[in-house]
Amino acid sequence: MLRYATSEDIVGLNPHLDQQLTLSFMSSLTMAWLVRFDRDDRPVPELATAVPSRANGGISRDGKTITYHLRRDAKWSDGVPFTAADVKFSVGVVLNPKNNEGTHLGFDQIARVETPDPYTVVFRLIRPYSGFYVNFFSSAGANPCILPEHLLGAMDTINDAPYNALPVGIGPFKYASWRRGDSVELVPDPLYFGRKPKLQRVIFKIIPDRNTMLTQLTTHEIDLWLPVPAAYYERLRALPGIRTMLQPSYAYNHMDFELQHGALADVTVRRALRLATDRASILAKIRHGVGILQETPFGPGHRLHIDLPRVPYDPAQANRLLDAAGWVRGTDGVRARNGLRLDFDVATVTGIQDTDQMLELVRASWQQIGVRFEVKHYPSQLYFAPAATGGVLYGGKFDVAFYAWFTPPNGDVANLFECERLPPHGQNFMHWCNRAADRALHDFALTYDEARQRADSRTFQAALVRDVPTVVLDARQDLYAFNDDLRGFRPNQVTPFDDLVDADI
């Protein structure tokens, strides 16, 4: 039995409706994926028999037809056979405007889906789309899974389906229970066609207090803590019977600006706020050196990483920029121009001590340039919820927001930054629109040529740094802590639990 703990409560269990790091871990074990990722972060077939390519005939010469051949021995965890009809149905679910889908990325490039037989799915695309193998039902990140038509096909919308409380999937594990606010339990699915897990149970425990988490890891009441706050790294390394692992991540810490909100529409203000954010001190004092300073979302381990010049911490230069742009200090020390004040609402998740400490560092440095803010805390269930249910990020209920996000392994970040990917059609929470970056992101998706993709990504990344809709605080390094009797745990950078079937304890 593996007992894994997180301090963050579970938003939900259906990745179509909820995007959350812990959910992506569980979904990689339980849900239905055409493709998952191996220990070396390479895409490998799961329900598909091969990852489509030009070499194997899965991608047509014009790049607009993608063909998946499916396994014939896969069954849903309730025993119903999996077929191509489930894939076609799931595309329809994503494209149904009544559903609170977290992303439509790539699916809006589908002209139609054909199922010439129960084990063949043909995607006819409007134009070539290189991100298909990640965004069309892969386990990488916050992507939608394949859903069972026999359970959901008669419903007008999946938003309130009983299915969401304990989803039926196709994976090495299946859901056994969800005790809200406490834990989620997984057990092996005896119907799974692949390698059988050695673990007989996986329990995701919700432990809001980190010191309690540390105690329970020490007493072996839990077996694995992920992600571990950097403040606990040295303590964990000194504990007998506990192993730690530090490796590069595809995630990054950042702060987003809502460009539709008052003064934040002015790029000079955003540049000044970046100059007045002491990211080196945050990394050293709050993250205890765990992470890598950089300017873009692509960490050093990513194939599209580029070393753009670092923007220094320079509050004096920030003050000069604001002075020149006509932002004048008032009697209370807060700058204003034309009735707009540099006085913001900062949104963050409740109960994350590191973030609260970081915000006090930021508060002190922003005060030096005439900026004030009020911190508003939200439970993660509300912070990441869809706009229709009051979500903070999707609903634009912030001026500045702090959180971590994930860069897909193929580098297609259109869902986060394209002009048309505003919620609910994507996750461009910033409402950023740069036409040069947009053209680069569009071209990136159109080509299967890696050199052209690299050039497009460089254009996008340079525009992001110039416009500052977001400030990358650091590229994360994933820190794992686990009991030394946990064997065979070898996480990848994409989804650490993708290959958990060999783990044993």
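Our subject in this report is the structure included herewith. All values derive from a computational prediction rather than experimental measurement.

Here the focus is the side chain of Gln247. Within the secondary structure, Gln247 is located in strand E11 (residues 242-257). A distance of 3.4 Å separates a polar side-chain atom of Gln247 from the backbone oxygen of Pro491.

Another aspect to go through is the nonpolar core. Membership of the largest hydrophobic core comes to 72 residues, with the highest contact counts inside it found for Phe123 and Phe497. Counting residues per element, this core draws most heavily on helix H2 (residues 84-95), at six residues. Beyond its immediate chain neighbours, meaning those up to four positions away, Phe123 contacts Lys64, Thr65, Ile66, Tyr68, Val87, Val91, Ile110, Arg112, Val113 and Phe136. Of all hydrophobic cores here, the second largest spans 61 residues; its members include Trp327, Ala347, Val371 and Tyr378.

To continue, consider helix H5 (residues 210-218). Residues of H5 that are buried: Arg210, Met213, Leu214, Gln216 and Leu217. Looking down the long axis of H5, one finds its buried residues gathered within 170° of arc, a one-sided arrangement. Where H5 begins, the side chain of Asp209 points an oxygen toward the backbone nitrogen of Asn211, at a separation of 3.2 Å. Where H5 terminates, the next one or two residues include His220, which has phi positive at roughly 65°.

With antiparallel pairing, three strands are arranged side by side in an open sheet as E12-E13-E14. Edge positions in the sheet fall to strand E12 (328-329) and strand E14 (340-341), since each has one partner strand and no second.

What follows deals with the state of the cysteines. Here, disulfide denotes a covalent bond that connects the sulfur atoms of two cysteines. By the definition in use, this model includes one disulfide. Each disulfide pairs two cysteine sulfurs, and for Cys419 the partner residue is Cys433, the sulfurs being separated by 2.0 Å. Its S-S torsion of approximately 95° makes the covalent link between Cys419 and Cys433 right-handed. Of this pair, Cys419 sits in the loop between helix H12 (414-417) and helix H13 (435-446) while Cys433 sits in the loop between H12 and H13; the two residues are 14 residues apart in sequence, bridging distant segments of the chain.

Let us look at the sheet that holds strand E5 (residues 110-117). Read across the open sheet, the three strands follow the order E4-E6-E5; overall the sheet is antiparallel. Looking at strand neighbours, the two that pair on one side only are strand E4 (65-69) and E5, the edges of this open sheet. Across this sheet, the average inter-strand angle for adjacent strands is 15°, counted without regard to direction. Where E4 meets strand E6 (residues 120-125), five bridges bridge the pair, whose relative direction is antiparallel. When the sheet's bridge partners are listed, Ile66 is paired in E6 with Phe123. Sheet contacts for H2: E5 and E6; angle to E5, the most-contacted strand, approximately 165°.

Our next topic: the environment of Pro144. With respect to the helices and strands, Pro144 occurs in the loop between helix H3 (132-135) and helix H4 (149-152). On the basis of relative accessible area, Pro144 is assigned to the buried category, the value being 1%. Ignoring any residue separated from it by four or fewer positions in sequence, one finds Pro144 in contact with Pro15, His16, Trp33, Val94, Glu101, Thr103, Phe107 and Phe137.

To continue, consider the pairing of strand E9 (residues 202-206). In terms of burial, E9 is a largely internal element, four of the five residues being buried. Judged from the five bridges that link them, strand E1 (residues 2-6) and E9 form a sheet pairing that is parallel. Across the sheet, residue Leu2 finds its bridge partner in E9, namely Val202. As judged from the four bridges shared by strand E8 (residues 183-188) and E9, these two strands associate in the antiparallel manner. Within E9, the position partnered with Leu186 by the bridge is Val202.

Right, let's get into the packing of H13 against helix H14 (residues 450-467). Following both chains from N to C, one finds H13 and H14 inclined at 155°, their axes separated by 8 Å at the closest point. Regarding the angle of H13 to H14, the classification is roughly antiparallel. H13 and H14 meet at a crossing whose hand is left-handed. Here Ala436, Ala437, Ala440, Leu441, Asp443, Phe444 and Leu446 of H13 lie close against H14, whose contacting residues are Arg452, Gln453, Asp456, Ser457, Thr459, Phe460 and Ala463.

Definitions and limits used
- For every chain, the first residue of the written sequence is number 1, and numbering continues from 1 onward in sequence order.
- Note on the predicted model: pLDDT of at least 70 is required for a residue's local features to be given, and 80 or more for side-chain atom pairs to be given and counted; whole-chain, interface and lining totals, by contrast, use all residues.
- To get the side-chain values, take all heavy atoms of the structure and skip hydrogens and water.
- Counting from the N terminus, the helices are the DSSP runs of H or I reaching at least four residues and the strands are the DSSP runs of E reaching at least two.
- As used in this structure description, the phrase polar contact means that two N or O atoms lie within 3.5 Å; if the pair is within protein, one of them must be able to donate a hydrogen and the other to accept it, and residues adjacent in sequence are counted only when both atoms belong to side chains.
- Here, nonpolar core means buried Ala, Val, Leu, Ile, Met, Phe, Trp, Tyr and Cys residues that are tied together by side-chain atoms lying within 4.5 Å of each other.
- Relative accessibility thresholds used throughout: buried, under 20% of the residue-type maximum; exposed, over 50%; partly exposed, between the two (1.4 Å probe, protein chains only).
- Contacts are residue-level and defined by heavy atoms, with any inter-residue pair within 4.5 Å sufficient.
- Of all possible arcs, the one meant is that of the directions from the helix axis to the C-beta atoms.
- A pair of strands is considered paired only if DSSP assigns at least 2 bridges between the two.
- The disulfide criterion used throughout: a pair of cysteine sulfur atoms within 2.5 Å.
- As a rule, the C-alpha atoms of each element are fitted with a line to give its axis, helices using only the stretch in contact, and angles between N-to-C directions run from 0 to 180 degrees.
- Any angle that falls under 35 degrees is termed roughly parallel, while one over 145 is termed roughly antiparallel, one within 65 to 115 roughly perpendicular, and all others oblique.
- Should the near helix be turned anticlockwise from the far one by less than a right angle, the crossing is left-handed, and should it be turned clockwise, the crossing is right-handed.

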